[in-house]
Amino acid sequence: MTPVGDVRPLHVDAAVVGLGPAGSTALRLLASAGISCIGIDRSTFPRNKPCGGGISARTLPLLPPGFLDEIPHQITSGISLTFRGGPSQNQDFGRPIAYQVRRDEFDMQMVEAARRAGGRILTGVETVSARREGEGFVLRAGDRVIHARAIFAADGATSRILRDLDPESTRHIRDHPALRPFTSAEAFGTLRHPIDDRHVAIDLGLVTGGYAWSFPKKDSSWGLGVAGFLGPLSDPRGEFARYLESRQAAVGESDVLTWPLPNFRSVRHGRVPGLFLVGDAGAILDPFLGEGIYYAILSATRGAEALIRELSRKDRETEAAVTRASTAYAHFVKGTLWPDFSQGARLAQVLYRFPGFFFRITRRHPGLLALYASVLTGKHDYRSFSRAMILRTLFLLIPGRTPLSGPAL
Ligand SMILES: Cc1cc2nc3c(=O)[nH]c(=O)nc-3n(C[C@H](O)[C@H](O)[C@H](O)COP(=O)(O)OP(=O)(O)OC[C@H]3O[C@@H](n4cnc5c(N)ncnc54)[C@H](O)[C@@H]3O)c2cc1C
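The model shown is predicted, which means the values in this text are computed figures rather than measured ones.

Student: So what exactly am I meant to see when it comes to the overall build of the chain here?
Tutor: In terms of regular secondary structure, the chain is built from 10 helices and 18 strands. Taken against the 2.2 N^0.38 rule, which gives 22 Å for 409 residues, the C-alpha radius of gyration of the chain at 22 Å falls within 12% of a compact globule. With the principal axes as the frame, the chain shows a C-alpha extent of 70 × 45 × 45 Å. The burial tally for the chain puts 47% of its 409 residues in the buried class.

Here it is in structure tokens:
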């Protein structure tokens, strides 16, 4: 095996660019299956990533066993919902709906898990570029040249690999304003009047076309932020400042970061054989809650599984195997994730346009809030969520009836 640090060209089956939750997952699974692979990131770990750090409960089965035991985390089992900073309605579901972590710690541990699985890793590589050559790809990672049969682009919301390998796709985003990313602002801070740290706090109505959040961390700090899902926020810092004021929260001004949230409609999958666009690089981010960690890990898992499956077959040496794998992965994204995200985007159009209505209805009928949380536990996706929501709301219209009861989580 060629040692890392050697400048001779390296030949691998798969190169993974970006080692956030998506890339580290792909690398761990590929290495565990004995696929020759390398993971590259421009950062050195631990590194921060602007994020609320809420890991939904449905993510756990996709992580290595006992993974969260290795890092500090706060369990949240309820929601505290406010409307424009007013009085909250709290609901505890009696079981975890999300685990609150700091991304520097979580991502570092994910990279370590990939390393333990045998993935070779290059970090602190300032420039990485890729081009198609013959049936495969050539990557330049600093002074290294890497030949790969498949590439996992896991380099986040501003993916360089997507720009290099499918420039037409990036032009398409530039030409269509509706495909531009959503915006957010966030920082860690403290609350002058602490709230229940077993709950995620969500405010509707303060942020135009989106929501504001306070997620508790194990060290008593809070991940605070705002995001808009009906279009880019015109002034994310201003909206964030208003939220901080309403929460009486303190953050260091220089700690406030704004960051894009990719719009799932912007990226076209399956255009380049052998290219797996995973996580934010593939715009695989839920357009209703802005949840991306679960989808980063899920997409990387499905992509890696498809490649492992094809490379385990007898004809693994043919390039057709890699193409079949990337095609199967693109089908998964377009056939399973996109229809659900389309429904999530429709819900966003209703909820973030009429947040007061949603707040009032959940105050009268808390069961609807449990339904909301059921997406995070994996009991519902947006399509089944919408069906259940409509059914319950119809029941409310029948005089003398209460909403259907029963476990939502
Ligand atoms: C303010 C905010 C709050 C959020 N809160 C939540 C939340 O609470 N829960 C949730 O589930 N999701 C949340 N998200 C979404 C979540 O952060 C992302 O969806 C998730 O990080 C995507 O993971 P990823 O691995 O695809 O990309 P990333 O985590 O962005 O990782 C990309 C990696 O690629 C590397 N990289 C970038 N460019 C290059 C390059 N050119 N060459 C080499 N390496 C490169 C970076 O250093 C990084 O390590 C939030 C997002 C934002 C902006």
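Next comes the rest of the write-up.
Student: Please explain the site of the ligand as it appears in this structure.
Tutor: Every one of the 37 residues lining the ligand counts as a neighbour, but G18, G20, G52, G279 and G292 are closest to it. For the shell around the ligand, the secondary-structure elements that each account for two or more residues are α1 (21–32), β12 (182–191), β17 (257–261) and α6 (293–311). For the shell around the ligand, the two domains that each supply at least three residues are domain 1 (10–52 + 104–177 + 263–349) and domain 2 (73–101 + 180–261).

Student: Looking at this model, I keep getting lost on the pairing of strand β15 (residues 222–228). Mind explaining?
Tutor: The side chains of a regular strand alternate between the sheet's two faces. A large share of β15 lies buried, amounting to seven of its seven residues. With burial as the criterion, each face of β15 is covered, one bearing W222, L224, V226 and G228 and the other bearing G223, G225 and A227. One ladder, built from six bridges, connects β12 with β15; its direction is antiparallel. Paired with G189 across the strands is W222, a residue of β15. Pairing of strand β14 (residues 210–216) with β15, which is carried by seven bridges, proceeds in the antiparallel orientation. Bridging across to β15, F215 finds its partner in G223. Counting the residues that bridge the hairpin from β14 to β15 gives five residues, and of these S220 lies at a positive phi of roughly 75°.

Student: Explanation requested: the nonpolar core in the structure shown.
Tutor: Counting residues in each nonpolar core, the largest one holds 117 residues, and the members touching the most others are A14, A15, A26, I151, F152, A153 and V278. Considering each element in turn, this core owes the most residues, 11 residues, to α6. Those residues within four positions of A15 in sequence are excluded, and the remaining contacts are C37, I38, I40, L139, I146, A148 and I151.

Student: Whenever I open this one, the sheet that holds strand β4 (residues 74–76) confuses me. Can you help?
Tutor: The strands making up a sheet are joined through hydrogen bonds of the backbone, oriented either antiparallel or parallel. Pairing is antiparallel across the open sheet formed by three strands, whose spatial order is β3-β7-β4. Either end of the sheet is taken by a strand with one partner, and the two such strands are β3 (54–56) and β4. In this sheet, adjacent strand axes meet at a mean angle of 30° when their direction is disregarded. Sheet topology places β3 next to strand β7 (residues 98–100); three bridges connect them, and they run antiparallel. Within β7, the position partnered with G54 by the bridge is Q100.

Student: Whenever I open this one, α1 confuses me. Can you help?
Tutor: Given 3.6 residues per helical turn, the α-helix brings residues three or four places apart onto the same face. An ideal rise of 1.5 Å per residue puts 16 Å on 12 residues; α1 measures up with 16 Å between its terminal C-alpha atoms. Summarising burial for α1: 11 of the 12 residues are buried, a large majority. Listed in full, the buried residues belonging to α1 are P21, A22, G23, S24, T25, A26, L27, R28, L29, L30 and A31. Packed against the buried residues of α1 are β1 (10–17), β2 (37–40), α2 (103–116), β11 (144–153) and α6. G34 sits one or two residues past α1 and shows a positive phi near 80°.

What counts, and at which threshold
Residues numbered from 1 in each chain as written. Predicted model: local features only at pLDDT ≥ 70, side-chain atom pairs only at ≥ 80, totals over all residues. Helix = DSSP H or I, 4+ residues; strand = E, 2+ residues; numbered from the N terminus. Rg over C-alpha atoms; globule rule 2.2 N^0.38 Å. Buried ≥ 20, exposed ≤ 12 C-beta atoms within 10 Å, placed from the backbone. Near = placed C-beta within 6 Å. Domains from an automatic or database assignment. Pairing = 2+ DSSP bridges. Core = buried A, V, L, I, M, F, W, Y, C linked by C-beta atoms within 7 Å. Contact = placed C-beta atoms within 7 Å. Axes fitted to C-alpha atoms, helices over the stretch in contact; angles between N-to-C directions. Expected span 1.5 Å × (residues − 1).

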